Amino acid sequence: MALFARRRRDALKNVHAERDSFLRRAGVAVLFCIAGVVLLIVRLADLQIVEHEHYQTRADENRMRVTPVAPVRGLIYDRNGTLLAQNQPAFVLEVTPEQVGNRTAMDELLAKLQHVITLTDTDITRFKDRVRKSPRYRGVPLRSNLTMEEVARYEIDRHQFPGVEINAGLTRNYPFGATASHLVGYVGGISEEELKQANESQFLGLTQIGKNGVEKSQEDLLRGEPGAKIIEANAYGRPLRELDYRRGYPGRNLYLSIDTKVQTVAEQAMGNFQGSVVALDPRNGEIIAMVSKPGFDPQLFVGGIDTASYQTLLNDPTRPLFNRSLQGLYPPGSTVKPAMALAGLEYGVVTPEHSEYCKGEMTLPGSSRKYRCWKRTGHGAVNMLEGVKRSCDIYFYNLATLLGIDRMHEAMTGFGLGHATGVDLPLEKDGLYPSREWKRRARKENWYPGETLNTGIGQGYVLATPMQLAQMVARIAMRGGGYKPHVLHATEDPITRKITEIVPEALPKIDLKDNGTWDVVIAAMEAVTQEQGGTAYAVGRNAPYRIAAKTGSAQVAGLRQDETRPQKQEEMPLRLRDHALFIAFAPAEAPRIAVAVMAEHGGHGASIAAPIARQVMDQYLLGYVLYNNEKAEVPSSRVTPALVPGLPVPPELQQMLQQTAPAAATPPAAVPATPAQQEDDDDR
Amino acid sequence: MIADVLQPMRGRRPNKPEPGLADWLESWHIDIWLLMLLLAVAGIGIFIQYSASGHSIDGVISQAQRVALGLVVMAVIAQAPPDLYRTVAPWLYAFTILLLVATLLLGDAAKGATRWLDFGVVRFQPSEFMKLAMPTTVAAFLHTRRLPPTLLTIAATLLLILVPAALIARQPDLGTALLIVAAGGFALFLGGLQWRWMIGALAVLGAAAPILWEHLKDYQRQRILTLLDPESDPLGAGYHITQSMIAIGSGGTFGKGWLNGTQAKLEFLPEAHTDFIFAVYSEELGFIGVLLLLTLYLAIVGRCLWIAVRAQDTFQRLLAGSLAMTFFIYVFINMGMVIGLLPVVGVPLPLVSYGGTSAVSLLACFGMLMSVHTHRKLLAN
């Protein structure tokens, strides 16, 4: 039956007319279709032909991801090729949340993993935090630095842990730990500030940056150039395959000038003292050893130090992070005397024969203020040689008065005091050598004549870093020559193995009118260790090489006029005891090492600092430590190395024994320890 | 002149060659030309489906099964004479209206729209039925009226069109509603709807546009705004269209080659194997491939119009013409939205997009066209 019935008035349809009408309308429909298709084709041609390149680029941008490939950081060696900083494979356990499943499955997995590896609550909290922040298909580190045992235990049961993977990466490692920690430095996480300062493209893929020491100062050499992988990734960022690879370049390997054996000896010799040892090769300015005690474990900083350990280090009253060699500012005390003597001779205010009478104290004309010699009883008549050898303060008070602060400033600044040495290490301090101009500027006061006296014996306003003292003695050793201190000896291209040596930078030569002046002062410095009555005779007399040196005991706490010093430093509280200083170079006739030792509150330079320097020089010049640090009780068997059982005589030493003066070769029995010597040790 | 060219031929050709495959098929009421063209497009669809679905052989098999089912339905429908459909049309129409109401009340929600009706065994979209019912019913209705239609006839026809369209739009499924309106509208147009009414209707529509705009859902409005400037919101509403244009544009003249498209494979292109499959096709086969596909579609439309022109009565003409034009509108809307000419409405690319009900209902329509073409009465001139 038909629902639509034809009504009567519609019954008479004009069939032909309807068909013709339809054909016309069909024609219109065809035109409509053609118009539509033309519209489509025009648009498609625009997209696919005219704008093709634009869309091709955009399609590539969609799918291509540039993944940086971090360069391998350069290694750090000492001068003998001993590794000081290396890259060690470290095992990191990663979990891919997507493969684990939901939260319950994740909790179960973590519980199971705890039977196999150690997981602290911190590990788990940090992990869960990271899981929330990263895409689910990406592996999230759960623990790093797995031990081999943990890796082995995991491997046995690995089928139980879907979505868990152990990956090997490289982490910085410092095999010597705290040894040379201030010098080598350490790497740590890049801070945003550091990234802002640097060219970001150089840090692509890197998470660590040198934070201190050589790691910081040579960051640009060590870092290398990042490479890149071009990865095809899908819309969710999941990498699918590698399309292209751009090679980076690993960082350069560095050879430092330091000698790890000397460094170790210096650190051991320092014992429990806080302070610094700096040893330079005066012939080229290379740093042989640079110790700052106490040290710290640089490994703590790698991969980010935890807050607790960092706070402990920061709050430690001994300030282990403080690099005393470059940042420590100390009064140099008597160690300035050789340079003072040189200035006095050069400016012609004294002759070597000029003598002063020391009665233990002196006053300036028109003032009642007493300027004391460290030796209460006085030295009697003292010429230049005796003044240096016995460290007579009265002699140098007078010398200072004769020179005046202006000439002193000129001379001592010439030796490098008061401005940073420019060593290739970070955070170096300038120190201070006062002048009239400085006092007016900094203190808004005029210079007082009495201050010249204090300045003349390295007290008062004078502040120097151990590095500056080492440079000063090295320059004396080189008779005014010398080089800028530096620790970088050579760099090596890790691929071509080509080694580039660092050319030492010569310092402007200190030219004296008469070269004989050097001989006079160096002879006086030799007398310190070689002659009876020399403040460091106990340390120098048995050495198989000649040492030119100067002791120093820098006063930490000022004395009031009515106060008398306790005779014995040992009786004072530690924080009030003098700093013990010692500067030296050896062999005196052909210097190969210059040392500055600074032991905070060590008391006496001669008894505390000098033996440390001696051991350093022994190790460097002889290859082992000959000196036995027991004052004046050196057993005869230890004098000549040939008599030490089981120790062969190094050829170097044999040669040296022949070269050195007969005094050094003389058996020590001929030089008995006397009470006078003991007293003379009590030097300032 | 067109009328002369398209002058329907009556009876068998005078010089009949040996009976071949075409004749054999025609004896089974299958039009070989239409069948070949449909198979060609469906074949292309299956190939590109494999690429668009991320090399899923399961998807391809399932699509092939649906096309096969659709072809069977087409063949079955072709067997019945058009007069039957004319008679049945109103009942089918009424039944479908009932189903649509039922869908609105008890349907399954998928992707935020209630389009599906679940009968336990079969789960389908009743709106697909309307794609057949609408042109058939309007053609059958107009067949009984004097043409060009009177105002009353026009009003009745519009009612026939708008009731189901409104029901479908409420689901909401704007794409299908548009196609239903197009199907009924083309029947009315081909039936001789006076131009003045059409122009008048357009004017009214233009005037009512702001009111319509108010009634659109937020996402629908967003789609229209996005069309004007897809880059303004590249991660939100504009993402689909931007990625689609990137896919098509990056294909260039010759395309990246089958299976080499990156936009779909790497999942940048959303709905790659359904509504946006044309973007995948264009990316992999380029402008040349696009021209080929357009030619095939145009040939199908042309063949259908040819069938309409040769049809024997008003019902058949209007039915065939309406189906032909609806098919074209299908293609045009899908391609238009994929290339950024039209707002994004859920219209699949016929026979190529993945989707069962769509392929089956579409082929059912072609079944009716073949029925029109092959059931010929001997008429007195």
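Residues numbered from 1 in each chain as written. Chains lettered and ligands numbered in written order. Predicted model: local features only at pLDDT ≥ 70, side-chain atom pairs only at ≥ 80, totals over all residues. Heavy atoms only, no water.

(A) Focus on the overall build of chain B. Secondary structure assignment for chain B yields 15 helices and 3 strands. Taken across its 381 residues, chain B has 54% of its residues classed as buried. When contacts within chain B are restricted to residue pairs at least 6 apart in sequence, those whose partners lie at least 24 apart make up 74%. (Helix = DSSP H or I, 4+ residues; strand = E, 2+ residues; numbered from the N terminus. Buried < 20%, exposed > 50% of the residue type's maximum accessible area, 1.4 Å probe, protein only. Contact = heavy atoms within 4.5 Å.)

(B) Quick peek at the overall build of chain A. Scanning chain A for helices and strands turns up 26 helices and 21 strands. Within the span of chain A, comprising 684 residues, buried residues form 53% of the whole. Partitioning the contacts of chain A with sequence separation of at least 6, the portion at a separation of at least 24 is 72%. Here chain A displays about 30900 Å² of accessible surface, and carbon together with sulfur accounts for 53% of that area. (Areas by Shrake-Rupley, 256 points an atom, 1.4 Å probe, with all protein chains shown as cover.)

(C) Local environment of the pairing of strand β21 (residues 593-599) of chain A. All names here are of chain A. For β21, the tally of buried residues reaches 7 of 7 residues, placing the bulk of the element in the interior. Side-chain alternation along β21 places I593, V595, V597 and A599 on one buried face and A594, A596 and M598 on a second face that is also buried. Judged from the 7 bridges that link them, strand β20 (residues 579-586) and β21 form a sheet pairing that is antiparallel. Each bridged residue has a counterpart across the sheet, and for I583 the counterpart in β21 is A596. Connecting β20 to the antiparallel partner β21 that follows it, the hairpin turn spans 6 residues. (Pairing = 2+ DSSP bridges.)

(D) View of the interface of chain B and chain A. At the junction of the two partners, chain B supplies 70 residues and chain A supplies 48 residues. Interface area lost by chain B to chain A is led by B:L266, B:F287 and B:R317, which between them contribute 11%. Where chain B packs against chain A, one counts 0 salt bridges. Seen at the junction of chain B and chain A, the total is 12 residue pairs in polar contact (both at pLDDT 80 or more). (Buried area = accessible area lost by both parts, 1.4 Å probe. Salt bridge = Lys/Arg side-chain N within 4 Å of Asp/Glu carboxyl O. Polar contact = N/O pair within 3.5 Å; in protein donor to acceptor, adjacent residues only side chain to side chain.)

(E) Examining empty space enclosed by the protein more closely. All names here are of chain B. Enumeration according to the criterion identifies 6 cavities of 30 Å³ or more in this entry. Size it by volume and the largest cavity reaches roughly 100 Å³. Around the largest cavity, the lining residues are K131, L323, T326, F327, Y330, L362, C365, F366 and L369. When residues of the lining of the largest cavity are traced back to their parent elements, those giving at least two are α14 (314-338) and α15 (356-374). Taken together, the residues of the lining of the largest cavity sort by class into 7 nonpolar, 1 polar and 1 charged. (1 Å grid on protein atoms, 1.4 Å probe; cavity = no way out; pocket = protein on both sides within 12 Å on 5 of 7 lines; lining within 4 Å. Points joined across faces, edges and corners; volume = space filled by probe spheres on them. Nonpolar A, V, L, I, M, F, W, Y, C, P; charged D, E, K, R; others polar.)

(F) Main features of the nonpolar core. Membership of the largest hydrophobic core comes to 130 residues, with the highest contact counts inside it found for A:L183, A:I287, A:M340, A:I593 and A:M617. Among the domains, domain 1 (67-256) and domain 2 (260-296 + 322-560 + 571-680) of chain A are the pair contributing at least three residues each to this core. In contact with A:M340, not counting residues within four places along its chain, are A:F396, A:L399, A:A400, A:L403, A:M408, A:M412, A:Y433 and A:G456. B:I32, B:A183, B:L323 and B:F366 belong to the second largest nonpolar core, which has 121 residues in total. (Core = buried A, V, L, I, M, F, W, Y, C linked by side-chain atoms within 4.5 Å. Domains from an automatic or database assignment.)

(G) How the structure looks around the packing of helix α15 (residues 337-346) of chain A against helix α17 (residues 393-414) of chain A. All names here are of chain A. Between α15 and α17, whose axes approach to 9 Å, the crossing angle comes to 75°. Between α15 and α17, the interaxial angle falls into the category roughly perpendicular. Taken together, the residues of α17 that come into contact with α15 (itself represented by K337, A339, M340, A341, A343 and G344) are D393, F396, L399, A400, L403, M408, A411 and M412. Here the contact of α15 with α17 is built from residues that sort into 11 nonpolar, 1 polar and 2 charged. (Axes fitted to C-alpha atoms, helices over the stretch in contact; angles between N-to-C directions. Parallel < 35°, antiparallel > 145°, perpendicular 65-115°, else oblique.)

(H) Examining unusual backbone geometry more closely. Look at the link from A:K293 to A:P294: it is a cis peptide, with omega at -5°. You can see A:P294 is positioned in the loop between β12 (286-293) and α13 (307-315). Put simply, A:A586 and A:P587 share a cis peptide bond, and its omega is -20°. Considering the arrangement of structural elements, one finds A:P587 in the loop between β20 and β21. Located in the positive-phi region is A:H601, a residue other than glycine, with phi close to 55°. If you trace the backbone, A:H601 turns up in the loop between β21 and α23 (605-622). Not every positive phi belongs to a glycine, and B:E267 is a case in point at roughly 65°.

(I) Main features of the environment of A:L626. If you trace the backbone, A:L626 turns up in the loop between α23 and α24 (651-659). The spacing of A:L626 and A:A543 is 83 residues in sequence and 8.0 Å in space, taken between C-alpha atoms.

(J) Geometry of the pattern of salt bridges. Inspection of every chain in the model, using the stated rule, returns 33 salt bridges over all chains. In this structure, the salt-bridge partner of A:D220 is A:R223, at a minimum N-O distance of 3.1 Å. Placement of both A:D220 and A:R223 in helix α11 (residues 219-223) is noted, with a separation of 3 residues, approximately one turn of the helix. Among the residues examined, A:R223 registers a relative accessible area of 5% and is labelled buried. Note that B:K256 and B:E283 form a salt bridge whose closest N and O atoms lie 2.7 Å from each other. Of this pair, B:K256 sits in the loop between α11 (238-251) and α12 (262-265) while B:E283 sits in helix α13 (residues 277-310), and the two are 27 residues apart along the sequence. Using a relative accessible area of 0% as the deciding quantity, one classes B:E283 as buried. One salt-bridge network, in which partners are shared between bridges, spans A:R73, A:R172, A:E215, A:E219, A:D220 and A:R223.

(K) Quick look at the sheet that holds strand β8 (residues 227-233) of chain A. Residues and elements named next belong to chain A. Strand order across the open sheet formed by 3 strands is β1-β8-β9, with antiparallel pairing between neighbours. Each end of this open sheet is capped by a strand with a single partner; those strands are β1 (64-69) and β9 (239-246). In this sheet, adjacent strand axes meet at a mean angle of 30° when their direction is disregarded. Pairing of β1 with β8 involves 6 bridges; the strand directions are antiparallel. Bridge pairing links V69 to G227 in β8. On top of the sheet, helix α3 (residues 52-63) reaches β1, β8 and β9; it is set at about 45° to β1, its chief contact.

(L) Geometry of the sheet that holds strand β19 (residues 548-554) of chain A. Residue and element names in this part refer to chain A. Spatial strand order, β12-β11-β21-β20-β19: 5 strands in an open sheet with antiparallel pairing. Of all strands in the sheet, those bounded by a partner on one side alone are β12 and β19. Strand-to-strand twist of the sheet, defined as the mean angle between neighbouring strand axes without regard to direction, takes the value 5°. Of the strands in this sheet, β11 (275-281), β12, β19, β20 and β21 touch α23, which is tilted by about 35° from β20.

(M) Region of interest: the layout of surface pockets. In this model, the second largest pocket occupies a volume close to 2200 Å³. What lines the second largest pocket is a set of 47 residues, among which B:L178, B:V181, B:A182, B:L202 and B:L205 lie closest to the centre. Looking at the lining of the second largest pocket, the elements that each hand over two or more residues are α2 (15-50) of chain A together with α7 (151-169), α8 (174-190), α9 (195-215), α10 (218-228) and α14 of chain B. Element by element, the count of residues in the lining of the second largest pocket is highest for α9(B), at 12 residues. Its residues assigned to classes, the lining of the second largest pocket shows 40 nonpolar, 4 polar and 3 charged.

(N) Spatial organisation of α23(A). With 17 of 18 residues buried, α23(A) is to be regarded as a mostly interior element. Just past α23(A), the residue A:G623 takes up positive phi, approximately 95°.

(O) Spatial organisation of the confidence of the model for chain B. All names here are of chain B. In this model, chain B carries a mean pLDDT of 85, and residues with pLDDT of at least 70 account for 87%. When the elements of chain B are averaged for pLDDT, helix α1 (residues 2-5) gives the smallest value, 47, and α13 the largest, 95. Predicted confidence is poor over residues 1-12, with pLDDT under 50, and the contacts of this stretch with residues over four places away or in other chains come to 10 contacts. (pLDDT = per-residue confidence, 0-100.)

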